[in-house]
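Structure at a glance
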Amino acid sequence: MIAMNSPLRDVLDKITRLIEEQLEGVFASILLVDSDGEHLWHGAAPSLPGTYARAIDGIAIGPNMGSCGTAAYRRESVIVADIANDALWSNFRDLAQPHGLRSCWSTPILSHQGDLLGTFALYSGEVREPGSFERRLTERVVRIAAIAIERKQNEDEIFFLANHDALTGLPNRILLKDRLTQAMLHTQLHNHNPWVSVVFVDLDNFKTVNDRLGHTAGDELLKIVAGRMVGCVRPIDAVVRLGGDEFVILLVDLPASTDAISVILHKLRAAITDPIALDGHEFHITCSMGVATFPHDGNDAEALLMNADAAMYQAKNSGRDSFQFFTAEMNTKAHERFAMQDAIRSGIARSEFYLDYQPQVDLRSGHIFAVEALVRWRHPVLGVLSPVHFISLAEETGLIVPLGDWVLNEACRQNKAWQDAGLPHLSVSVNVSALQFQEKDWPQRVRRILKESGLEAEYLELEVTESLLMRNVDQAIATMKELQELGVHFAIDDFGTGYSSLSTLKCLPVTRLKIDQSFVRNLAHDEDDRSIISAVISLGQRLNMMVIAEGVETEDQLAFLRANGCDEAQGYHFSKPVDPGAMADLLNAPELILEHI
Ligand SMILES: Nc1nc2c(ncn2[C@@H]2O[C@@H]3COP(=O)(O)O[C@H]4[C@@H](O)[C@H](n5cnc6c(=O)[nH]c(N)nc65)O[C@@H]4COP(=O)(O)O[C@H]3[C@H]2O)c(=O)[nH]1
């Protein structure tokens, strides 16, 4: 039976029956030790009177706990020949005697490593000790029972490992699908009104902790958050870790109202945002949650999870630290996102992306000193798409890394080609996303791309945003310095829209500040924007940085910038972004730009 993988209870029952067949007038019993090692629970006792078996179910392991409790305690056989007169039975004899049980010989069942698994006992209706045959049989039975119990424990452990997350001990995706399917089935079968809800939880700022304190602290944080979530739900619910900082909470048997779910979501949010102390630092973790509910939002586990994910994504997009219930509209959006994601991937493979270039002009000399490379996508169905339609999706999905590498490669190659064609040497500036910048081997990749293109590093400028730099200032400075040593320059893009501290700004190896075009756009009507622009210009000058204004469209804007001492400008007033051929024409005819100065 053991080899056939029968359930443990059946195996133990069979063993005890076989013994009883061989030994006349004897009742066999097997008790199993519980996980805390302090109590013994019913395993098998086919012939012991039911009331007696129930009375000893769960007895404590201890020095004076009848034959079994004491055998387990001592880890050795305890032979009680006369229950009525043995001190070990003083607390139990009133339970045994009414059933005619007069003697009890118990032997501990030990694993091959010597751990206690349970006890095997033989009861008889006579006052006596076991004979040699009974002792030999007991030895063999105890060995077989140990094999059966250990095998079950191993199976349980394998099941646990396959169905749980090793870090937090929470159920994993496999178990979630199983439980979710069962919960939906239960609701359907019992024609239940209550809902089954799936809550997708994603921590908003987990990466910051991982980056700042390393993976061990990150793991610790995940365990703390997991424990807090478990504390917020009922035992019939389940908290599941999908991986990384993604969790799913399965809420079953809830009243059919979003209010009931909202109460739990508020509780979860409060528990997660409670400060967490790690390595002497205090962290405030927030989370975004999305909810999908059976039966409205999906008929199977797959659909519910996908829709809860879409709702979570919506919560993230609308400012994080919040929750959203799924709506059908989100579904359409989610499908569009998946389709777009695939299209970007194949677009890279099919060379559908290309670069336009926009000149950057020195306001004193009127010369083009640099060009900004701006990516475009010739989509096979939708036509030419501007980066605003695909960059953020490429960033979310990680596709910005291969796309960004391609852009950098192409921009360097093109700049070198212009130089080789005898055009004035100028710098090409390339936008860099946070994800690219945070890649461990990013400096090596830039170095390799420069080498392959043959472009000297001083003709490459990387544009990074304020928010990217502020995410992890120390790492940003280290990466920038490494590249600066090669000769690469840096500009801070969209300056004025983030929250750079002045003390941080001072430490950054930055050549240029780019005033965000939103300030330039409203310059004519907005006194505040005018003040910001002149403040950024004087700040740049004090910090020995060049200041370039973006989005310059009119003569008036240019006049204001010049009057305030702005060094450089870029915008439709000089030229829209153009293809490499048109850019070469502009470089060959500097008067085209000079007439706008
Ligand atoms: N209204 C107006 N707009 C002007 C004017 N002058 C320039 N622009 C537009 O302003 C954007 C300037 O680029 P950005 O701030 O780096 O903003 C860029 C940049 O953040 C991102 N982007 C573009 N190419 C790349 C790339 O290769 N990698 C990454 N990561 N992001 C890119 O997409 C954003 C938008 O790019 P584009 O659509 O090409 O839009 C460009 C440009 O066409 C003007 O006078 N008026």
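About the thresholds
- Residues numbered from 1 in each chain as written.
- Predicted model: local features only at pLDDT ≥ 70, side-chain atom pairs only at ≥ 80, totals over all residues.
- Heavy atoms only, no water.
- Pairing = 2+ DSSP bridges.
- Helix = DSSP H or I, 4+ residues; strand = E, 2+ residues; numbered from the N terminus.
- Axes fitted to C-alpha atoms, helices over the stretch in contact; angles between N-to-C directions.
- Contact = heavy atoms within 4.5 Å.
- Buried < 20%, exposed > 50% of the residue type's maximum accessible area, 1.4 Å probe, protein only.
- Expected span 1.5 Å × (residues − 1).
- Arc of directions from axis to C-beta.
- Parallel < 35°, antiparallel > 145°, perpendicular 65-115°, else oblique.
- Nonpolar A, V, L, I, M, F, W, Y, C, P; charged D, E, K, R; others polar.
- Near = heavy atom within 4 Å.
- Polar contact = N/O pair within 3.5 Å; in protein donor to acceptor, adjacent residues only side chain to side chain.
- Areas by Shrake-Rupley, 256 points an atom, 1.4 Å probe, with all protein chains shown as cover.
- Salt bridge = Lys/Arg side-chain N within 4 Å of Asp/Glu carboxyl O.

Details of the sheet that holds strand 7 (residues 195-203)
Within the open sheet, the five strands sit side by side as 8-9-7-12-13. Their pairing is mixed. Two strands in the sheet have a free side with no partner beyond their single neighbour: strand 8 (238-243) and strand 13 (323-325). Shown here is a sheet whose adjacent strand axes are inclined to one another by a mean of 20 degrees, direction ignored. Packed onto the sheet, helix 10 (residues 301-317) meets strand 7, strand 9 (246-254), strand 12 (287-294) and strand 13 and runs at close to 145 degrees relative to strand 12.

Focus: the environment of Ser-257
Within the fold, Ser-257 resides in the loop between strand 9 and helix 9 (258-273). Note on Ser-257: relative accessible area 27%, which makes it partly exposed. Taking the C-alpha atoms as reference points, Ser-257 and Trp-195, 62 residues apart in sequence, are found 8.2 Å from one another.

A short note on helix 3 (residues 66-74)
Taking burial as the measure, the nine residues of helix 3 include seven buried ones, the bulk of the element. Listing the buried residues of helix 3 in full gives Gly-66, Ser-67, Cys-68, Gly-69, Thr-70, Ala-71 and Ala-72. On its buried face, helix 3 sits against strand 1 (26-33), strand 2 (39-44), strand 3 (59-60), strand 4 (78-80), strand 5 (103-110) and strand 6 (116-124). In the stretch just after helix 3, Arg-75 is the one whose phi turns positive, near 60 degrees.

Description of helix 15 (residues 442-453)
Taking 1.5 Å per residue, twelve residues should reach 16 Å; helix 15 reaches 17 Å between its end C-alpha atoms and fits that length. Of the residues making up helix 15, those classed as buried are Trp-442, Pro-443, Arg-445, Val-446, Ile-449, Leu-450 and Ser-453. Mapping the buried residues of helix 15 onto a view down its axis gives an arc of 160 degrees, with all of them on the same face. Counted as exposed and oriented over 90 degrees from the buried face of helix 15: Lys-451 and Glu-452. Turning to helix 15, the residues buried within the fold contact helix 13 (400-420), helix 14 (434-438), strand 18 (460-465) and helix 17 (473-486).

Side note on the packing of helix 10 against helix 11 (residues 328-349)
Axis separation between helix 10 and helix 11 bottoms out at 9 Å; the angle between their running directions is 90 degrees. In this view, helix 10 runs roughly perpendicular relative to helix 11, as classed from their interaxial angle. Seen from helix 10, the contacting residues are Met-306, Asn-307, Ala-310, Ala-311, Tyr-313 and Gln-314; seen from helix 11, they are Met-330, Asn-331, Lys-333, Ala-334, His-335 and Arg-337. Here the residues of the contact of helix 10 with helix 11 are counted per class, giving six nonpolar, four polar and two charged.

What to know about the environment of His-335
With respect to the helices and strands, the residue His-335 is situated in helix 11. Linking His-335 and Ala-310, residues 25 residues apart in sequence, is a C-alpha distance of 9.4 Å.

Considering the pairing of strand 2
Pairing between strand 1 and strand 2: four bridges, direction antiparallel. Residue Ile-30 lies in a different strand from strand 2, and its bridge partner there is Ala-44. Between the antiparallel neighbours strand 1 and strand 2 lie five residues, among them Gly-37 with a positive phi of about 70 degrees. Two elements, strand 2 and strand 3, share two bridges in a ladder whose sense is antiparallel. Note that in strand 3 the partner of His-39 across the bridge is Ala-60.

Overview of the site of the ligand
The environment of the ligand is made up of 23 residues, and the closest members are Arg-376, Gln-517, Glu-550, Glu-553 and Tyr-572. The separation between a nitrogen atom of the ligand and a polar side-chain atom of Gln-358 is 3.0 Å. Glu-550 places a polar side-chain atom, nitrogen or oxygen, 2.9 Å from an oxygen atom of the ligand. Within the complex, 84% of the 790 Å² of free accessible area of the ligand lies under protein.

Comments concerning the pattern of salt bridges
Pairs can form between side chains of opposite charge whenever their charged atoms are close. This model, assessed by the stated rule, comprises 30 salt bridges. Of the charged contacts, one joins Asp-156 and Lys-152 as a salt bridge, the two residues approaching to 2.8 Å between their closest N and O atoms. Of this pair, Asp-156 and Lys-152 both sit in helix 5 (residues 132-163), four residues apart, roughly one helical turn. Classification of Asp-156 by relative accessible area gives partly exposed; the value is 39%. For Lys-152, a relative accessible area of 30% puts it in the partly exposed group. The partner of Glu-461 in a salt bridge is Arg-512, and the shortest N-O contact between them spans 2.6 Å.

All quantities given are derived from atomic positions and should not be read as evidence of function.
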